[in-house]
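Below, each chain spelled out in residue letters.
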Amino acid sequence: MKVIVCVKQVPDTSGKVAVKPDGTLDRASMLTIINPDDLNAVEAALKLKDETGCEVVVVTMGPPPAEKMLREILAMGADRGVLISAREFGGSDTFATSQIIAAGIHHMGLNDDDIVMCGRQAIDGDTAQVGPQIAEKLNLPQITYAGDIKVEGNSVIVKRMLEDGFMNIKMKTPCLITCIKELNEPRYMSTFGIFTAYEKPVDVYDYNTLKDEPLIDPNTIGLQGSPTNILVSFTPPLKGAGVILEGADKKTADELAGILEKKHVI
Amino acid sequence: MDNYNSADISAFKDVWVFCEQRQGVVQPTSFELISEGRRLADELGCKLYALLLGDNVSDKCKDIAGYGADGVVLCESPLLKNYTTDGYTKVIVDVIKERKPEVVLFGATYIGRDLGPRCAARLHTGLCADCTHLDVSVPVYQDFLKEASTLAPERIEGTSSAMVMGEKHDVSHDLKMTRPAFGGHLMATIICPRFRPAMATVRPGVMRKAPFDQAKADAAEIIRPEFSLTEADFETEVLAVEKAAKKLVDLIGADYIVSVGRGIAKDVEGGVALGQQLADELGGVLGGSRVAIDSGWLSADHQVGQTGKTVHPKVYIALGISGAIQHKAGMQDSECIIAVNTNPSAPMFEIADYGIVGDLFKVVPMLIDSIKAIKAAK
């Protein structure tokens with residue numbers, strides 16, 4: 001049994017975000033982090049490894065520096081990494097990205113008891129689409145928004161969260177699960193893990209590695225294979241500044257209550 | 001169906017809205033999407049259909065159509081009683097291949113965001129996630145950009161076409177799907193120029209529900225397409241469906257919201273109680289910023305922002321919330337924003353209609369007293 005975890009290196013949008021004058025993101029000036037939800041997927045995989053001794057393979061698609069992120073996850077306890085990286089893969093939307101990652105997983109080989117795990121969504125695009133689309137292209141069943149995962153032989157039972165409750169769903173392996181932050185608390189890298197992270201293998205899958213995969217076709221990868229295009233990107237204007245009610249005393253409170261009364265709130 | 005080709009754009013017509021029901025209850029976002037879908041269908045000059053799947057749900061057709069649909073595409077089967085990725089994807093893909101709508105909208109709910117990507121991948125078409133604005137008409141879209149963007153007039157003018165596969169493409173018949181990206185720092189408008197249907201998931205609470213029209217409801221055409229679905233089509237089994245034990249707070253439907261943030265850190269219990277008290281006084285509900293939820297001060301159903309709910313209440317009161325962009329993305333369209341914060345340079349003051357620079361633990365009790373006094377005088 002192996003668990004394949006799909007992860008993404010993303011700009012840290014919680015800090016200062018730099019936007020270039022043309023309305024695109026100035027990625028070069030921003031710090032990159034491991035996408036937070038993906039760490040929950042990593043933790044879920046490592047828990048299974050603790051319980052069953054299964055292999056944990058961490059996969060990402062991105063530019064060569066993304067290898068550093070893979071090493072961090074190897075230091076957390078994953079066994080090996082795969083970096084999918086080629087100029088031909090650039091410019092991909094979610095459809096084309098999932099096509100390429102699915103091809104990478106297919107190239108690696110999926111056994112009957114394997115599980116693919118992803119984070120719910122990435123904080124840069126917030127689409128939550130790549131996980132389900134990988135599942136579709138590998139013809140795997142999926143469960144998204146996993147709040148609890150139990151593995152029993154060749155099936156998993158997942159608590160699938162909804163806005164107003166949850167479902168318990170049973171699914172046969174091989175399958176794909178997307179994980180939410182409530183699922184677990186990701187572990188830190190261990191000292192031993194850091195020492196061994198650079199001894200563990202990281203394979204690079206470039207265009208040549210994957211070009212004979214049935215899913216890899218110039219019409220379904222990269223910019224050319226992406227069904228969606230960006231028409232324009234822009235920053236919203238600041239709303240005009242309002243009124244600051246001076247002083248933080250009884251008079252100000254009365255003034256604000258009066259405004260609420262005029263608005264028929266009270 | 002075997003000759004289905006998503007690149008044959010001229011073969012596709014009409015707008016469809018997937019109407020989500022859970023245990024036979026049509027989800028509110030479905031009505032919002034029908035209302036929005038009506039406008040898009042009018043701009044395209046085509047019909048609007050609701051797509052409803054379930055078991056014994058035909059009595060819901062009129063409830064849905066009254067918000068503006070010309071008809072309902074109804075697929076009923078005991079196997080469709082509960083939502084499953086397997087069953088719903090198969091049936092939806094089959095009916096889309098047969099009837100070829102040019103636009104399909106889903107609510108960006110935990111179900112819509114499971115189903116939409118799966119359908120789009122199987123149909124070989126594009127899907128734009130979590131949209132907050134939709135247009136077809138170029139002039140209407142450009143008017144939106146004049147209001148909602150800081151783009152120069154010539155760049156707005158330039159949005160009537162796009163470079164697609166190295167050629168200039170006229171976007172006047174494409175669905176223009178606008179959504180926040182990078183935590184709300186940037187907005188992007190996405191098109192799906194070479195394939196149909198153009199598909200979008202739309203954030204709940206963003207589109208406004210139209211008034212219910214009984215005549216429209218009575219006139220709706222019910223279409224029951226043939227489809228095949230057997231137990232063999234399922235690789236998953238739903239063992240149980242449970243409702244949350246605790247009643248969840250309804251932020252999206254609230255007229256008044258009082259939210260708390262980092263500013264309550266020095267006395268979390270007291271701060272939450274003050275926020276709740278003020279909300280109760282106004283007949284509103286309590287919300288929170290990401291800090292308040294991530295720190296465990298409030299449960300996740302209270303979260304307002306990019307990763308929480310998008311709200312546009314009549315009044316939004318932000319207590320001790322600095323106004324990180326990811327929070328503003330979820331509340332900046334509120335009709336009136338009131339901010340209380342000790343830091344005069346908090347970004348929240350940039351979008352607030354009224355601001356008080358001060359300690360919420362002092363200001364809010366005084367405000368509650370003033371409100372009580374006004375009520376007592378009535």
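What you see is a predicted model, and the numbers here were worked out from it, not measured in a lab.

**Let's talk about the nonpolar core**
By size, the foremost hydrophobic cluster in this structure holds 146 residues, and its most contacted members are Val 5, Val 42 and Met 117 of chain A together with Ala 50, Ile 64 and Val 72 of chain B. If sequence neighbours within four positions are ignored, Val 42 of chain A has contacts with Val 5, Val 7, Val 58, Ile 73, Met 76, Ala 78 and Pro 186 of chain A. Judged by nonpolar contacts, the second largest core, of 51 residues, contains Leu 278, Tyr 354, Val 357 and Val 364 of chain B.

**Quick look at the sheet that holds strand β17 (residues 285-288) of chain B**
Strand order in the open sheet made by the 6 strands is β13(A)-β20(B)-β19(B)-β18(B)-β16(B)-β17(B), with parallel pairing throughout. The sheet is open, and its two borders are formed by β13 (243-244) of chain A together with β17 of chain B, each paired with just one other strand. Where strand β16 (residues 256-260) of chain B meets β17 of chain B, 4 bridges bridge the pair, whose relative direction is parallel. Its bridge partner being in β17 of chain B, Val 260 of chain B is matched across the sheet by Gly 288 of chain B.

**Section: the packing of helix α8 (residues 268-282) of chain B against helix α12 (residues 360-377) of chain B**
Residues and elements named next belong to chain B. With their axes 10 Å apart at the nearest point, α8 and α12 run at an angle of 25° to one another. What the angle tells us is that α8 and α12 run roughly parallel. Like other packed secondary-structure pairs, α8 and α12 cross with a definite hand, here left-handed. Residue-level contacts link Gly 270, Leu 274, Gln 277, Leu 278 and Glu 281 of α8 to Leu 360, Phe 361, Val 364, Pro 365, Leu 367, Ile 368 and Ile 371 of α12. For the contact of α8 with α12, the per-class residue count stands at 9 nonpolar, 2 polar and 1 charged.

**Structural notes on the packing of helix α3 (residues 85-99) of chain B against helix α4 (residues 112-123) of chain B**
Residues and elements named next belong to chain B. With their axes 10 Å apart at the nearest point, α3 and α4 run at an angle of 45° to one another. With respect to α4, the element α3 is oriented oblique. Pair α3 / α4 crosses with right-handed handedness. Contacts between α3 and α4 involve Thr 85, Tyr 88, Thr 89, Ile 92, Val 93 and Ile 96 from the first element and Asp 114, Leu 115, Arg 118, Cys 119, Arg 122 and Leu 123 from the second.

**Concerning the sheet that holds strand β5 (residues 71-76) of chain B**
Residue and element names in this part refer to chain B. If you trace the 7 strands from one edge of the open sheet to the other, you get β7-β13-β6-β1-β4-β5-β14, paired in parallel fashion. Two strands lie at the open edges of the sheet, namely β7 (127-131) and β14 (221-223), each paired on one side alone. Taken pair by pair, the neighbouring strands of this sheet meet at an average axis angle of 25°, ignoring direction. Note: strand β4 (residues 48-54) against β5, 6 bridges, orientation parallel. The partner of Tyr 49 across the bridge, within β5, is Gly 71. Sheet strands touched by α4: β6 (103-107), β7 and β13 (198-202). Its angle to β13, the strand with the most contacts, is close to 170°.

**Some remarks on the pairing of strand β11 (residues 176-181) of chain B**
Residues and elements named next belong to chain B. Burial analysis of β11 places 6 of its 6 residues in the buried class, the great majority of the element. Neither face of β11 is left uncovered, since the one carrying Lys 176, Thr 178 and Pro 180 and the one carrying Met 177, Arg 179 and Ala 181 both have all their residues buried. Strand direction decides the pairing type here: strand β8 (residues 133-135) and β11, joined by 3 bridges, are antiparallel. Across the sheet, the residue bridging to Leu 134 is Met 177, located in β11. Taking the residues that link successive antiparallel strands as the turn, the β11-strand β12 (residues 186-191) hairpin has 4 residues, and the phi of Phe 182 there is positive, at about 50°.

**Quick word on the domain arrangement of chain B**
Interfaces are often described in size by the accessible area the parts lose on coming together. Residues and elements named next belong to chain B. For chain B, the assigned domains read domain 1 (9-136 + 173-233) and domain 2 (256-377). Computed from C-alpha atoms alone, the centre-to-centre distance between domain 1 and domain 2 is 34 Å. Taken together, the contact pairs 7 residues of domain 1 with 8 residues of domain 2.

**Details of the pairing of β5 of chain B**
Note: β5 of chain B against β14 of chain B, 3 bridges, orientation parallel. Note that in β14 of chain B the partner of Gly 71 of chain B across the bridge is Glu 221 of chain B.

**Section: unusual backbone geometry**
Trans peptide bonds make up most of the peptide bonds, and negative phi angles are found at most residues other than glycine. Looking along the chain, the bond that leaves Thr 173 of chain A and enters Pro 174 of chain A is cis, with omega of -5°. Considering the arrangement of structural elements, one finds Pro 174 of chain A in the loop between β9 (165-172) and β10 (175-179). Of the consecutive residues Arg 196 of chain B and Pro 197 of chain B, the connecting peptide bond is found in the cis state with omega at -5°. By the secondary structure assignment, Pro 197 of chain B is in the loop between β12 and β13. Of note, His 124 of chain B is a non-glycine position whose phi angle comes to about 50°, a positive value.

Conventions we followed
- Residues numbered from 1 in each chain as written.
- Chains lettered and ligands numbered in written order.
- Predicted model: local features only at pLDDT ≥ 70, side-chain atom pairs only at ≥ 80, totals over all residues.
- Core = buried A, V, L, I, M, F, W, Y, C linked by C-beta atoms within 7 Å.
- Buried ≥ 20, exposed ≤ 12 C-beta atoms within 10 Å, placed from the backbone.
- Contact = placed C-beta atoms within 7 Å.
- Pairing = 2+ DSSP bridges.
- Helix = DSSP H or I, 4+ residues; strand = E, 2+ residues; numbered from the N terminus.
- Axes fitted to C-alpha atoms, helices over the stretch in contact; angles between N-to-C directions.
- Parallel < 35°, antiparallel > 145°, perpendicular 65-115°, else oblique.
- Left-handed = near helix turned anticlockwise from the far one by under 90°.
- Nonpolar A, V, L, I, M, F, W, Y, C, P; charged D, E, K, R; others polar.
- Domains from an automatic or database assignment.

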